[in-house]
Amino acid sequence: KAQPEKAQPVATPKEDIVEGYAIQVLASDKKISLNDGQFKSYRGKVKCYEGAGALKYKYCFGEWQSHAEAQRNLPTLRKAFSGAFVVHFKSDKIVK
């Protein structure tokens, strides 16, 4: 006889930060699969944020609580994405 499933507590991953900094690697006017080849070795590791402008979809890697933390990781990302830069996000939106 099947046992009823017990409700599992929902754990919020430590890296889910509501507001912080990320490194933008790509922007587009249309949604791109997060596993697209354009993301190179970062396929599946990027997150899509919405921002202003013609290229409203911003594809970013990482989430850090401080600008300095994100800045420390920038040189590594620039090896694959020469135009990468640090952005400020709040929820799923890029903010200034």
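Look a little higher up for the structure.
It should be emphasised that the depicted structure is a prediction, and the values quoted were computed from it without experimental measurement. (Residues numbered from 1 in each chain as written. Predicted model: local features only at pLDDT ≥ 70, side-chain atom pairs only at ≥ 80, totals over all residues. Heavy atoms only, no water.)

> Explanation requested: the packing of aromatic side chains in the structure shown.
Between two aromatic rings, the relevant description is the distance of the centres plus the angle of the planes. This structure, assessed with the given rule, holds five aromatic pairs. The ring centre of Phe81 lies 5.0 Å from the NZ or CZ of Lys40, which sits over that ring. (Phe/Tyr/Trp six-rings, centres within 6.5 Å; stacked < 30°, edge-to-face > 60°. Lys NZ or Arg CZ within 6 Å of the ring centre and 35° of its normal.)

> When you look at the pairing of strand S3 (residues 57-64) in this model, what are you seeing that I'm missing?
Here is the key point about a regular strand: its side chains alternate between the two faces of the sheet. In terms of residue burial, S3 counts as a mostly covered element, since seven of its eight residues are buried. When strand S1 (residues 19-28) meets S3, the two strands line up antiparallel, connected through six bridges. Across the sheet, residue Ile23 finds its bridge partner in S3, namely Phe61. Bridge count between strand S2 (residues 46-50) and S3: five bridges; the pairing is antiparallel. Counted as the bridge partner of Cys48 is Tyr59 from S3. (Buried < 20%, exposed > 50% of the residue type's maximum accessible area, 1.4 Å probe, protein only. Helix = DSSP H or I, 4+ residues; strand = E, 2+ residues; numbered from the N terminus. Pairing = 2+ DSSP bridges.)

> How do you make sense of unusual backbone geometry when you look at a structure like this?
Of note, Lys40 is a non-glycine position whose phi angle comes to about 50°, a positive value. With respect to the secondary-structure elements, Lys40 resides in the loop between S1 and S2. Positive phi, normally seen in glycine, also occurs at Ser91, with a value near 55°. Here Ser91 shows up in the loop between strand S4 (85-90) and strand S5 (93-95).

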